[in-house]
Amino acid sequence: IRGAGNLLGEEQSGHIREIGVELYQQMLEEAVAAAKSGAREMSSTESWSPQINLGMPVVIPENYIADLNLRLSIYRRIAALADRGEIESFAAELIDRFGPLPRDVENLLDLVEIKQLCRQAGIARVDAGPKGAVIAMHGSSTIDIGRLVGYIAKQTGTAKIRPEDQKIVFMRAWDDLPLRIKGLNKILKEMAALL
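Residues numbered from 1 in each chain as written. Predicted model: local features only at pLDDT ≥ 70, side-chain atom pairs only at ≥ 80, totals over all residues. Heavy atoms only, no water.

**Description of the nonpolar core**
So, step 1. Ranked by size, the top nonpolar core spans 29 residues in total, and within it Ile135, Leu184, Leu188 and Met191 carry the most contacts.
So, step 2. Put simply, the parts of the chain that give this core at least two residues each are α6 (103-121), β2 (123-129), β3 (132-137), α7 (145-153), β5 (168-171) and α8 (177-192).
So, step 3. Every residue in contact with Ile135, bar those within four places of it in the chain, is listed here: Ile123, Arg125, Val126, Lys167, Ile168, Phe170, Ile187, Leu188 and Met191.
So, step 4. One finds Ile78, Ile87, Leu94 and Val105 within the second-largest nonpolar core, a separate group that totals 17 residues. (Core = buried A, V, L, I, M, F, W, Y, C linked by side-chain atoms within 4.5 Å. Buried < 20%, exposed > 50% of the residue type's maximum accessible area, 1.4 Å probe, protein only. Helix = DSSP H or I, 4+ residues; strand = E, 2+ residues; numbered from the N terminus. Contact = heavy atoms within 4.5 Å.)

**Considerations on the sheet that holds β3**
So, step 1. Pairing is mixed across the open sheet formed by 5 strands, whose spatial order is β1-β2-β3-β5-β4. The open sheet has two free edges, formed respectively by β1 (51-53) and β4 (159-161), since each of these has just one partner strand. For this sheet, the mean inter-axis angle between neighbouring strands, taken without regard to orientation, is 10 degrees.
So, step 2. As judged from the 3 bridges shared by β4 and β5, these two strands associate in the antiparallel manner. Within β5, the residue paired with Ala159 across the bridge is Phe170.
So, step 3. Contacting β2, β3 and β5, α8 runs over the sheet at an angle of about 150 degrees to β2. (Pairing = 2+ DSSP bridges. Axes fitted to C-alpha atoms, helices over the stretch in contact; angles between N-to-C directions.)

Take a look at the structure:
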């Protein structure tokens, strides 16, 4: 019933700011699908979305795409991108339609690729910053524990498994955001190969 301005604006009293537009939209679509099918609960094993925090803005600025409905449509299309080729093709389309990509939009497209890599590697959560990354595996991950331990041992003291919560910690010097994205991509690809 609410308009997009109320939903995304300062008046919103719900939790959309905390979970983000993409996750909110996915949850809304799942709820509508469940209501239409008469199901009371959606299976979380079929579809899950990794949580990613890279300490960078990932929005489409208003000064890049002024129309709110068009911005929301672009967000939906970005959420549906399936691989690196589609991401690059979509980036070219955005450049053609709206001009050079602002850094925030590049970040958003990088985040989509990282999210795909997380799903491939069975990773539920990634928190990355200037000093490295903390990774939590998804409950249904089929990663080979022996290979994972061997992989961590090869990191020469720059990676460990925290005993208190079983999260994997990678210590890195990632002050530069592009370096952080590149380094995280490398780690995620290597972890996906352990499956």
